[in-house]
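# Residue-level structure breakdown
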There are 4 protein chains.
Amino acid sequence: MVIILKDGTSKEDINKLIEQVKSFGVEAKLTEGVGQTIIGLVGDTTRINRSKIQANKNVDRIMSIQEPFKRANRRFKQDDTIIQVGNAKIGGEVLTMIAGPCSVESEEQIVGIAKEVKKLGATALRGGAFKPRTSPYSFQGLELEGLELLKVARAETGLPIVTEIMSTDMIDVFEKDVDIIQVGARNMQNFDLLKQLGQLKKPILLKRGLSATIEEWLMSAEYIMAGGNENVILCERGIRTIETYTRNTQDLSAVPVIKKLSHLPIIIDPSHAAGKSWMVAPLSKAAVAVGADGLIIEVHNDPTNALCDGQQSITPEQYADLVEKLKVIASVVGKQMN
Amino acid sequence: MVIILKDGTSKEDINKLIEQVKSFGVEAKLTEGVGQTIIGLVGDTTRINRSKIQANKNVDRIMSIQEPFKRANRRFKQDDTIIQVGNAKIGGEVLTMIAGPCSVESEEQIVGIAKEVKKLGATALRGGAFKPRTSPYSFQGLELEGLELLKVARAETGLPIVTEIMSTDMIDVFEKDVDIIQVGARNMQNFDLLKQLGQLKKPILLKRGLSATIEEWLMSAEYIMAGGNENVILCERGIRTIETYTRNTQDLSAVPVIKKLSHLPIIIDPSHAAGKSWMVAPLSKAAVAVGADGLIIEVHNDPTNALCDGQQSITPEQYADLVEKLKVIASVVGKQMN
Amino acid sequence: MVIILKDGTSKEDINKLIEQVKSFGVEAKLTEGVGQTIIGLVGDTTRINRSKIQANKNVDRIMSIQEPFKRANRRFKQDDTIIQVGNAKIGGEVLTMIAGPCSVESEEQIVGIAKEVKKLGATALRGGAFKPRTSPYSFQGLELEGLELLKVARAETGLPIVTEIMSTDMIDVFEKDVDIIQVGARNMQNFDLLKQLGQLKKPILLKRGLSATIEEWLMSAEYIMAGGNENVILCERGIRTIETYTRNTQDLSAVPVIKKLSHLPIIIDPSHAAGKSWMVAPLSKAAVAVGADGLIIEVHNDPTNALCDGQQSITPEQYADLVEKLKVIASVVGKQMN
Amino acid sequence: MVIILKDGTSKEDINKLIEQVKSFGVEAKLTEGVGQTIIGLVGDTTRINRSKIQANKNVDRIMSIQEPFKRANRRFKQDDTIIQVGNAKIGGEVLTMIAGPCSVESEEQIVGIAKEVKKLGATALRGGAFKPRTSPYSFQGLELEGLELLKVARAETGLPIVTEIMSTDMIDVFEKDVDIIQVGARNMQNFDLLKQLGQLKKPILLKRGLSATIEEWLMSAEYIMAGGNENVILCERGIRTIETYTRNTQDLSAVPVIKKLSHLPIIIDPSHAAGKSWMVAPLSKAAVAVGADGLIIEVHNDPTNALCDGQQSITPEQYADLVEKLKVIASVVGKQMN
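Now for a look at the structure at hand. (Residues numbered from 1 in each chain as written. Chains lettered and ligands numbered in written order. Predicted model: local features only at pLDDT ≥ 70, side-chain atom pairs only at ≥ 80, totals over all residues. Heavy atoms only, no water.)

Along its length, chain A carries 11 helices and 14 strands. The principal-axis extents of the C-alpha atoms in chain A amount to approximately 75 × 45 × 40 Å. Counting across all 338 residues of chain A, residues that qualify as buried make up 65%. When contacts within chain A are restricted to residue pairs at least 6 apart in sequence, long-range pairs at least 24 apart make up 66% of them. Just so you have it, chain A exposes about 11,300 Å², and 47% of that area is on carbon and sulfur atoms. Counting 41 positive and 42 negative side-chain charges, chain A places the centres of these two groups 5 Å from one another. (Helix = DSSP H or I, 4+ residues; strand = E, 2+ residues; numbered from the N terminus. Buried < 20%, exposed > 50% of the residue type's maximum accessible area, 1.4 Å probe, protein only. Contact = heavy atoms within 4.5 Å. Areas by Shrake-Rupley, 256 points an atom, 1.4 Å probe, with all protein chains shown as cover. Lys, Arg positive; Asp, Glu negative; His and termini not counted. Charge placed at Lys NZ, Arg CZ, Asp CG, Glu CD.)

Following this line, the structure appears as structure tokens:
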């Protein structure tokens, strides 16, 4: 942390401030020059009450240097986190493939798709039961009934199931029934939900918020991990930018950044990022090439009649074709698919 | 709604699609030309399952024309909504002033500030009890104890209290104890929370999300209103943009836009937008000049020792000075202050 | 400037780096701690070749502390810059009003509008002769003929003229004929143009780029000032954000920021920011309330038949009405209008 | 194009408006319903003066349907454009590799790097002679001397040279000496420069502006093509978003979008997007996987002593290693490298 002082701060006030920050147990060193005085701090600066320092009348501003996340930080855990889900591993040298429809619609639909993607080597089945929709008048998912259908599909195929939680009220149900609990982009900073998920042992798939920086995203992972649950899978699903042709802009550069800053696995959701089915294949190839640990893709056997997001779903045939190409690219970056 | 068809769609497929959309009870008219065919739809197009239409193989894309919000829409309710809180009214010709500290710290602090701002004509007292913090390691508020202290301050001054709810678990407590329930920017699309707040009668102060469009913000209001609670106060607190000098960019143009699109009152939070106390006064003046229905401002008797956001709080003296200037500007735009 | 070193950098390498930066004539002080080492630099750090330091294998990253602009910096010139244009002054306690059509269309049009706005106290006449249009197929302005018509309007009313330069090829013509040379948002970082304008004495109205930070904008002013021309007027015309209802988002918080960082005058263009005529009046009032030094507004006697931007132009009647209200607000913030 | 009318527009006014738009030679069809009336237009709507329609007092707003670009539009030219540069082709099944230093520093430097990258199969040599720098006090390039050194490197290796033009004043020199003329991101909407480049036959490498939408970028290509020069190569170099860890956010989804909308080749610049050398390799692999026609990469033999952007340059060794991996990925997407 660096404290930039206002011009004309007295020697006495500077010394008082240095004493104050040292009381938090950090090292502080003054650098003075014409028209500028700064205090450099090193050590565990997360202990410092920033608000108090910033409100000091002699402080112009504060700049952070240290990353504010600890448990998610690769600096403190060098090895990749590998998360066990049923028989599958997520992270490390594995390329995880999660596939399934936007929302669960019927037993026939979800079981049918589950069988198709299982055959093609998918690691897990996705499917929305509780749907976060911008409009209260849109289809909100089959809710508990949808969850039951996902369980049927799991029983038939052995695939672990991934589905989104929308409320702390549902935590008990999800802990019992769901294999990977998804936190949606809109709830990435629903801190109360994150805290309660931190009490579980279940893997959490944490989607990046629409305008969340990588640091904020890792801080949300930190909320879960601080509670004791270190099984966090990050998922990039596009950020909101000035481009309006695509629904969101897939930030693939987040992959090498996360790999540098954190030991957590990161997967890519090209379906929601682009919002267009014909962009899913090229973005998936790019995601694997850039080093992602996996993909979560919307696959629907009948996109034209899907109850939601049909325009961004690919068919099992397109999915099969894509998988073949991803295998070659995976080999270039040292990853293996099922 | 306008459906843009792909080149080469057959007459038969076009007719089938027109029949399909008409089955939702809307008017549909075809416009054909060289290299382009579109279908114009009018009526209540919110009834249409957009996903199905978008996934149709002949559909290039869909463009919305109608605003998707109904109860929040000025088209369907011309008069300004005026919300009663205790003896105070919010909306219409009233300029509402909500003031208080970032977080409740002690009885002395909150009661002291409450008395100061009451004297200066404030309509309500703000103060955080449950605090949404980016880091799990930061001060999270005094929680229930903070709520008790707010009630003491209310008892001493008669000021209604405004404080943020972070979880559906707290709805009963907030319904009983809080006068205006605040939904924070990070929970603007926590749809489960919005739905449950829609079951109450209490006024809801709905902050705009960091990257929410005005339409999305009104759709979140719609979630609350669809449940039966029409007492929604919108609050602009800055959006995330490319500018990094200010914490967020206050979007004052949202005020005339909201006034055109909706009948709901809108207030401005300059403290969180700028993140710097010296910007609170100019932004507050601009907010009143642009036509806002009120302000929510962080006031602290001792910013240097505030437990959070001290750098953006103004003192009661600065607040008093500001109020005098706002009165003149309010008169230019047809508003009255207490 | 602060240099953050990589973990494990040797004492020797640290000392070598400190010698290297000291050779640029700045003070450097080391702060060491567990897992983090930083070097704080004060003095004229703009002399340092940042690229070389950043590419050093031991450097994790660099953080700037000092503002990179010098001549535009209020730190080095406390008093407001006041720019003389004909009999008018821009900056200080004056509220400047620049008005006129988007583009010059005919002698009758430009002279007619000039007379109207002159009567209402305008300081200068705006009008586009060379128009930057997104499409090569749109009307590109009357070009040199438009400039001649502006000169006629100036001769008839005495109003100085403001118009946009699009190319260095036109510098001689603009120097001779134009009173305030406008640099458009799209050319804000056309550095060659800025350098050549720095050789003139004419006032330059420098619009903010669509996604330019305040710092970059001031650096573009610095380009002009570094050449010797200190007559720079900054103009905020909205930035591109996630909001799409308005054409751009007017960043009114830029006004207090510029006032703090720089001594240059700043005016607001509400017409281009919002792109809607009904938003011009509220945004103008807000601009004056927030402390701007003036406004540049599109006024057209017949918006429906304007050759460009008719939808954002107000009529002379609307302008007259607005001016009355601005006078009251100006008095609150210590400004005077003609 | 769709015209949305205001509520309560009279039959007569509607008919007048329909006549008006039909006079531009397009088809117009009315769709009426309760509370909403729209006019659908098809045909060459670029002929319509939008400004006039938008300013019509009965018009609520206009929505575009047709892409505004013509010559750049794949709709009107199905086959990929392939651009000949010396013996090399850019576009189609070729994967173009352009490599070289940020700026030309000396004969030894530029010739040395040119030989290295030539050996590794590069298609062309990049190197800045005129540098667009945010600060007037930064190194501005060797200018004409740098251009001479690039010519020496070309003579020694046979590699065509790519370098940036900053001003229309330099067009004659660039036409004579440069093989591919680069337009930088900051000049993407320097329309005067684009128009003059449209008069040449030389290939133009058009970088995307920092906050340019894909449509605006293609409209800038259209400016060049409208003048007669159809040799435009698009180059994505990152857009400005809310993420601040990377210098810009590489928008790889732009590649499939451009491929759908246009026949022009598109290459990726990972060096400027990320601003960090360790991200160049993963982003390059992703760029090839997503379907780009090539890469432009900063390669420097001594990044630590580079005069600019050393932190984002890779060494010839790293470049060689990358090329091997790209060959495999290229084969998956049907591309061939030298």
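Resuming the write-up.
On to the relation of the copies chain D and chain C, then. Mapping chain D onto chain C calls for a rotation angle of 180° and an axial translation of 0.0 Å; the resulting RMSD is 0.0 Å. Taken together, the rotation and translation describe the operation of a two-fold axis. Closest to the rotation axis within chain D is the C-alpha of S211 of chain D, separated from it by 3.0 Å. Taken as a fraction of all interface residues of chain D, those also at the interface in chain C reach 100%, which identifies the copy contact as same-surface. (Least-squares fit on C-alpha atoms with pLDDT ≥ 70 in both.)

For the pair chain A and chain B, the relating rotation is 180°, the translation along its axis is 0.0 Å, and the fit reaches an RMSD of 0.0 Å. Of the interface residues in chain A, 100% have counterparts in chain B that sit at the interface too, so the contact is made through matching surfaces.

What the rule picks out here adds up to eight aromatic pairs over all chains. Judged by centre distance (4.6 Å) and plane angle (25°), the rings of F191 of chain B and Y223 of chain B are stacked. Within this pair, whereas F191 of chain B is found in helix α6 (residues 191-197), its partner Y223 of chain B is found in helix α7 (residues 214-226), the two being separated by 32 residues in sequence. Exposure remark for F191 of chain B: the relative accessible area of 2% places this residue in the buried category. Its guanidinium or amino end placed over the ring of Y245 of chain A, K276 of chain A lies 4.8 Å from that ring's centre, counting from NZ or CZ. (Phe/Tyr/Trp six-rings, centres within 6.5 Å; stacked < 30°, edge-to-face > 60°. Lys NZ or Arg CZ within 6 Å of the ring centre and 35° of its normal.)

Okay, the packing of helix α3 (residues 107-119) of chain D against helix α4 (residues 144-157) of chain D next. Residues and elements named next belong to chain D. For the pair α3 and α4, the least separation of the axes is 9 Å and the interaxial angle reads 35°. The chirality of how α3 crosses α4 is right-handed. Only L149, L150, V152, A153, E156 and T157 of α4 make contact with α3, whose side of the interface consists of E107, I110, V111, A114, K115 and K118. Looking at the contact of α3 with α4 residue by residue, the classes come out as seven nonpolar, one polar and four charged. (Axes fitted to C-alpha atoms, helices over the stretch in contact; angles between N-to-C directions. Left-handed = near helix turned anticlockwise from the far one by under 90°. Nonpolar A, V, L, I, M, F, W, Y, C, P; charged D, E, K, R; others polar.)

Let's shift gears to the interface of chain D and chain C. It is common to give the size of an interface as the accessible area lost on bringing the parts into contact. Taken together, the contacts link 47 residues of chain D with 47 residues of chain C. Around 3,900 Å² of area is buried between chain D and chain C when both sides are counted, 48% of it from carbon and sulfur atoms. Contact with chain C buries surface across chain D, with Y137, R186 and R240 of chain D losing the most and accounting together for 15% of the total. The tally of links between chain D and chain C comes to two salt bridges. We note a salt bridge from E216 of chain D to R240 of chain C, for which the minimum N-O separation is 2.5 Å. Looking at the side of chain D that touches chain C, the elements that each hand over two or more residues are α2 (50-55), α6 (191-197) and α7 (214-226) of chain D. Per element, the largest residue contribution to the side of chain D that touches chain C is five residues, and it comes from α7 of chain D. Of the residues assigned to the side of chain D that touches chain C, the class counts are 16 nonpolar, 19 polar and 12 charged. (Buried area = accessible area lost by both parts, 1.4 Å probe. Salt bridge = Lys/Arg side-chain N within 4 Å of Asp/Glu carboxyl O.)

Another aspect to go through is the pairing of strand β10 (residues 180-183) of chain B. Residue and element names in this part refer to chain B. Of the two faces of β10, the one carrying I180 and Q182 and the one carrying I181 and V183 are both buried. Relative to β10, strand β9 (residues 161-165) runs parallel, the two being bridged by four bridges. When the bridges of β10 are listed, V162 appears paired with I180. In this view, the connection linking β9 to its parallel neighbour β10 by way of helix α5 (residues 171-177) has right-handed handedness. Crossover connection from β10 via α6 to parallel strand β11 (residues 204-207): handedness right-handed. (Pairing = 2+ DSSP bridges. Right-handed = clockwise from strand over helix to strand, strands pointing away.)

Let's shift gears to the pairing of strand β11 (residues 204-207) of chain C. Residues and elements named next belong to chain C. Every second residue of β11 is oriented toward a common face, with I204 and L206 on one face and L205 and K207 on the other, all of them buried. For strand β10 (residues 180-183) and β11, the ladder comprises three bridges, and the chain directions are parallel. Paired with Q182 across the two strands is L205, which belongs to β11. The pairing of β11 with strand β12 (residues 232-236) spans four bridges and is classified as parallel. Within β12, the residue paired with K207 across the bridge is C235. Considered for its hand, the β-α-β crossover made up of β11, helix α7 (residues 214-226) and β12 is right-handed.

Time to look at helix α3 (residues 107-119) of chain B. Residue and element names in this part refer to chain B. Between its terminal C-alpha atoms α3 stretches 18 Å, which fits the 18 Å expected from 13 residues at 1.5 Å a residue. Those residues of α3 not exposed but buried are Q109, I110, V111, I113, A114 and V117. Trailing α3 by a residue or two, G121 shows a phi angle of about 90°, which is positive. (Expected span 1.5 Å × (residues − 1).)

What follows concerns the interface of chain A and chain B. Counting residues at the interface gives 47 residues for chain A and 47 residues for chain B. Surface buried jointly by chain A and chain B totals about 3,900 Å² across both partners, of which 48% is contributed by carbon and sulfur atoms. Per-residue buried area on chain A facing chain B is highest for Y137, R186 and R240 of chain A; these three make up 15% of the total on that side. In this assembly, chain A and chain B are joined by two salt bridges. Applying the counting rule to chain A against chain B returns 24 residue pairs in polar contact (both at pLDDT 80 or more). Among the elements of the structure, α2 (50-55), α6 (191-197) and α7 (214-226) of chain A are those that each provide at least two residues to the side of chain A that touches chain B. For the side of chain A that touches chain B, a count of residues per class yields 16 nonpolar, 19 polar and 12 charged. (Polar contact = N/O pair within 3.5 Å; in protein donor to acceptor, adjacent residues only side chain to side chain.)

On the surface, K22 and K29 of chain A together with K22 and K29 of chain C cluster together into a positively charged patch. Along the polypeptide, K22 of chain A turns up in helix α1 (residues 11-22). (Patch = residues over 30% accessible without salt bridge, like charges linked within 9 Å, V, L, I, M, F, W, Y side chains within 5 Å.)

Residues and elements named next belong to chain D. Mapped onto the fold, F130 is located in the loop between β8 (124-126) and α4. Residue F130 is classed as buried on the basis of its relative accessible area of 11%. It is 19 Å that separates the C-alpha atoms of F130 and N305, two residues lying 175 residues apart in sequence. Not counting residues within four places of it along the chain, the set of residues in contact with F130 comprises Q140, E143, L144, E164, M166, M170 and F174.

For the rest of this paragraph, the subject is the packing of helix α10 (residues 280-290) of chain B against helix α10 (residues 280-290) of chain C. Two elements in contact, α10 of chain B and α10 of chain C, have axes separated by 7 Å at closest approach and are oriented at 155°. For the element pair α10 of chain B / α10 of chain C, the angle class is roughly antiparallel. For the pair α10 of chain B and α10 of chain C, the crossing hand works out as right-handed. Where α10 of chain B abuts α10 of chain C, its residues P282, L283, K285, A286, A289 and V290 of chain B lie against P282, L283, K285, A286, A289 and V290 of chain C. (Parallel < 35°, antiparallel > 145°, perpendicular 65-115°, else oblique.)

This part takes up the state of the cysteines. All names here are of chain D. This model, assessed by the stated rule, comprises zero disulfides over all chains. Cysteine C235 is unpaired, with the sulfur of C102 as its nearest cysteine sulfur at 14 Å. Judged by its relative accessible area of 0%, C235 falls in the buried class. (Disulfide = S-S within 2.5 Å.)

This part takes up the environment of M1 of chain A. Turning to its location among the elements, M1 of chain A is positioned in the segment before β1 (2-5). Between the C-alpha atom of M1 of chain A and that of G91 of chain A, which follows or precedes it by 90 residues, the distance is 32 Å. If we skip the residues at most four places from it in the chain, M1 of chain A touches I39, G40, L41, T45, I48, R50, I62, M63 and I65 of chain A together with I38 of chain C.

Right, let's talk about the sheet that holds β11 of chain C for a bit. Residue and element names in this part refer to chain C. With respect to topology, eight strands assemble into a closed barrel ordered β7-β8-β9-β10-β11-β12-β13-β14, the strand pairing being parallel. Along the sheet, successive strands turn relative to each other by an average axial angle of 30°, direction set aside. Where strand β7 (residues 96-100) lies against strand β14 (residues 294-298), five bridges are found, and the strand directions are parallel. By the bridge assignment for β14, A99 is matched with I297. Where α7 meets the sheet, it contacts β11, β12 and β13 (266-268), and its direction lies at approximately 155° from that of β12. Relative to β14, α10 is tilted by about 170°, and along the sheet it contacts β13 and β14.

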